[in-house]
Amino acid sequence: NAGVTQTPKFRILKIGQSMTLQCTQDMNHNYMYWYRQDPGMGLKLIYYSVGAGITDKGEVPNGYNVSRSTTEDFPLRLELAAPSQTSVYFCASSQGGTQPQHFGDGTRLSIL
Amino acid sequence: AQSVSQHNHHVILSEAASLELGCNYSYGGTVNLFWYVQYPGQHLQLLLKYFSGDPLVKGIKGFEAEFIKSKFSFNLRKPSVQWSDTAEYFCAVNGGPDKLIFGTGTRLQVFP
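Cut-offs and rules
- Residue positions within a chain follow its written sequence, with the count starting from 1.
- Starting at A for chains and at 1 for ligands, labels are handed out in the order in which the entities are written.
- Whole-chain, interface and lining totals are the exception, using all residues; otherwise, since this is a predicted model, local features are given only for residues with pLDDT of at least 70 and side-chain atom pairs are given and counted only at 80 or more.
- Based on all heavy atoms of the structure, the side-chain values leave hydrogens and waters out of the count.
- The disulfide criterion used throughout: a pair of cysteine sulfur atoms within 2.5 Å.
- What counts as a helix is a DSSP run of H or I of at least four residues, what counts as a strand is a run of E of at least two, and both are numbered from the N terminus.
- Only protein chains enter the accessibility calculation, which uses a 1.4 Å probe. A residue is then buried if its area is under 20% of the maximum for its type, exposed if over 50%, and partly exposed in between.
- A carboxyl oxygen of Asp or Glu within 4 Å of a side-chain nitrogen of Lys or Arg is what we treat as a salt bridge.

Structural notes on the state of the cysteines
Phase 1 of the analysis: Tallied over the full model, the rule gives two disulfides over all chains.
Phase 2 of the analysis: The disulfide bridge from A:C23 ends at A:C91, spanning 1.9 Å between sulfur atoms. Residues A:C23 and A:C91 share a disulfide whose torsion about the S-S bond is about -70°; that sign makes it left-handed. Of the two residues, A:C23 sits in strand β3 (residues 19-25) while A:C91 sits in strand β9 (residues 87-94), which places them 68 residues apart along the sequence. Each member of the pair, A:C23 together with A:C91, is buried.
Phase 3 of the analysis: B:C23 shares a disulfide with B:C91; S-S distance 1.9 Å. Handedness of the B:C23-B:C91 disulfide follows from its S-S torsion of about -65°: it is left-handed.

Shown next, in the form of structure tokens:
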């Protein structure tokens, strides 16, 4: 069982570059989430989706965009990378909004 | 607004010591509560969850948590910790129908 798969695992970007973090799940979960994790700050919700075609902002959406064209995929896009976006990014999915979330292995992103 | 507080930011124990990590939440509706564990370099994994019923919940690896509604608490306990329990522990509560709110985490270090 693959579960939640994130790519890439590591990436270094220059300021101003753009990139897409990929997330796919094979559990047929309707709910998907993107978090960033910074030391001592816990998990901050960036964006989430309750189903294909539906996305909503979380706590820290500025500088990011998402789309949800299929149930399986939930990519996160950084348009103009800034040093403040250096972080570890986790994608998660769940069967329902109050159900346990299943996490991917994360993407460690550094912006220099 | 919904919130989760984990007051212990860093806990250091010797093997065989007992563990209790605090978690307090604020949420006006029906609560679903979770504890997740993140081992070094890994993603978050579910330790245990409380939805309803017996307020004493048993999870994996000998962990348990007690939901005390009057205190808005869901503390995590383990009678005897092992070196392999070294990790970061996150408490979470449903923040409405669509998402979870995570605490800032407690880093546990267990020395042999």
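A few points about the pattern of salt bridges
Phase 1 of the analysis: Under the counting rule described, the total for this entry stands at eight salt bridges over all chains.
Phase 2 of the analysis: We note a salt bridge from A:E59 to A:K44, for which the minimum N-O separation is 3.5 Å. Of the two residues, A:E59 is situated in the loop between β6 (54-57) and β7 (64-66) and A:K44 in strand β5 (residues 42-51); the sequence distance between them amounts to 15 residues.
Phase 3 of the analysis: Its relative accessible area of 52% is what places A:E59 among the exposed residues.
Phase 4 of the analysis: Of the charged contacts in the structure, one is a salt bridge between B:E64 and B:R77, with a shortest N-O distance of 3.4 Å. A residue pair is termed long-range when its members are at least 10 positions apart, and B:E64 in strand β8 (residues 64-68) and B:R77 in strand β9 (residues 73-78) qualify at 13 residues.
Phase 5 of the analysis: Assessed through its relative accessible area of 18%, B:E64 is described here as buried.
Phase 6 of the analysis: Classification of B:R77 as partly exposed rests on a relative accessible area of 22%.

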